[in-house]
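# A closer look at the structure
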Amino acid sequence: MAENDFITVLNGAVKLRQIEDGFKTSIDAVLLAAACPAISGEHILDLGCGVGTAGLCAAARINDTHLTGLDVQRDHIDCATGNAALNNISKRCVFICGDIRSFKETGFDHVICNPPYEEAGAHSRSPLDKNATARGHNESSLEEWIKCAFSCVKSGGSLTLIHKSDQIHKIILALGKSFGATEIIPLWPKEGAHAKRVIVRTIKHRKTVSKLHSGLILHKEDGSYTDAAQAILRGGEALT
């Protein structure tokens, strides 16, 4: 791969090399990072980190955060490690090859994740093995992702995830009584369109009632990003 063979996000603030036949970076990861409520000095765990996009975006936005990334695919972990070096933040990052169903590290301040949008058997399998694994063909369930997050994050710490809007009922059921102060942030493709994605942000062992946000409209009628979306995707602002 050539020295300058990378893409950039956050208006060039984060550089990323990708896996040729792997799942490609999308705005979902950038929006997920923007919704993480971490502050300087805290430790973020990115479950299913892929090549590190979401975690590295969070680390770029929030100074002096520490990042641990977990992914089941070794070549993605190697790429994420290289991406940390490419962005000169290797000292704040560690990437681990492992399965969310057996990961045992605890004490993280925040967990972020972009679980596979389709569980095994729910969609046609991609002919590309790496893409298929990222899309859910390692047979892990949404409930297992949330269970892992619960075991890894400290009491009072947050879980932030992005998922399809039609899976919100499964997410709420999986959160159960283990999380509270749950916030749902719809992501509207355009004004008046149904939300296809939602961000869910919740706190371990919190009992506060849930909140439904007005959400973020991503595109104008001409297909360009709205000013609010631009501020997050290119300006690096938080999604609150």
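Conventions used here
Residues numbered from 1 in each chain as written. Predicted model: local features only at pLDDT ≥ 70, side-chain atom pairs only at ≥ 80, totals over all residues. Heavy atoms only, no water. Buried < 20%, exposed > 50% of the residue type's maximum accessible area, 1.4 Å probe, protein only. Helix = DSSP H or I, 4+ residues; strand = E, 2+ residues; numbered from the N terminus. Pairing = 2+ DSSP bridges. Right-handed = clockwise from strand over helix to strand, strands pointing away. 1 Å grid on protein atoms, 1.4 Å probe; cavity = no way out; pocket = protein on both sides within 12 Å on 5 of 7 lines; lining within 4 Å. Points joined across faces, edges and corners; volume = space filled by probe spheres on them. Nonpolar A, V, L, I, M, F, W, Y, C, P; charged D, E, K, R; others polar. Core = buried A, V, L, I, M, F, W, Y, C linked by side-chain atoms within 4.5 Å. Contact = heavy atoms within 4.5 Å.

## A word on the pairing of strand β3 (residues 43–47)
The buried fraction of β3 is high, at 4 of 5 residues. Note that β3 and strand β4 (residues 66–71) share 5 bridges and pair parallel. Bridge pairing in β4 links histidine 43 to histidine 66. The parallel pair β3 and β4 is bridged by helix α2 (residues 53–61), and the resulting crossover is right-handed. As defined by bridge partners, β3 adjoins strand β6 (residues 108–113) across 4 bridges and the pair is classed as parallel. Within β6, the residue paired with leucine 47 across the bridge is cysteine 113.

## Digging into empty space enclosed by the protein
Across all of its chains, the model carries 1 cavity of 30 Å³ or more by this definition. Approximately 40 Å³ is the volume found for the largest cavity. Together, Leu10, Val30, Ala33, Ala34, Cys57, Arg61, Ile232, Gly236 and Glu237 line the largest cavity. For the lining of the largest cavity, the elements supplying multiple residues, two or more each, are α1 (27–35) and α2. Element by element, the count of residues in the lining of the largest cavity is highest for α1, at 3 residues. For the lining of the largest cavity, the residue count by class is 6 nonpolar, 1 polar and 2 charged.

## Things to note about the nonpolar core
In this structure, Leu31, Leu56, Phe95, Leu187, Ile199 and Leu239 are the most contacted members of the largest nonpolar core, which totals 41 residues. When residues of this core are traced back to their parent elements, those giving at least two are β2 (14–16), α1, α2, α3 (74–86), β5 (93–97), β8 (179–190), β11 (216–219) and α7 (227–233). Counting residues per element, this core draws most heavily on α1, at 7 residues. Ignoring any residue separated from it by four or fewer positions in sequence, one finds leucine 187 in contact with Leu31, Ile162, Ala195, Lys196, Arg197, Ile199, Leu216, Leu218 and Leu239.

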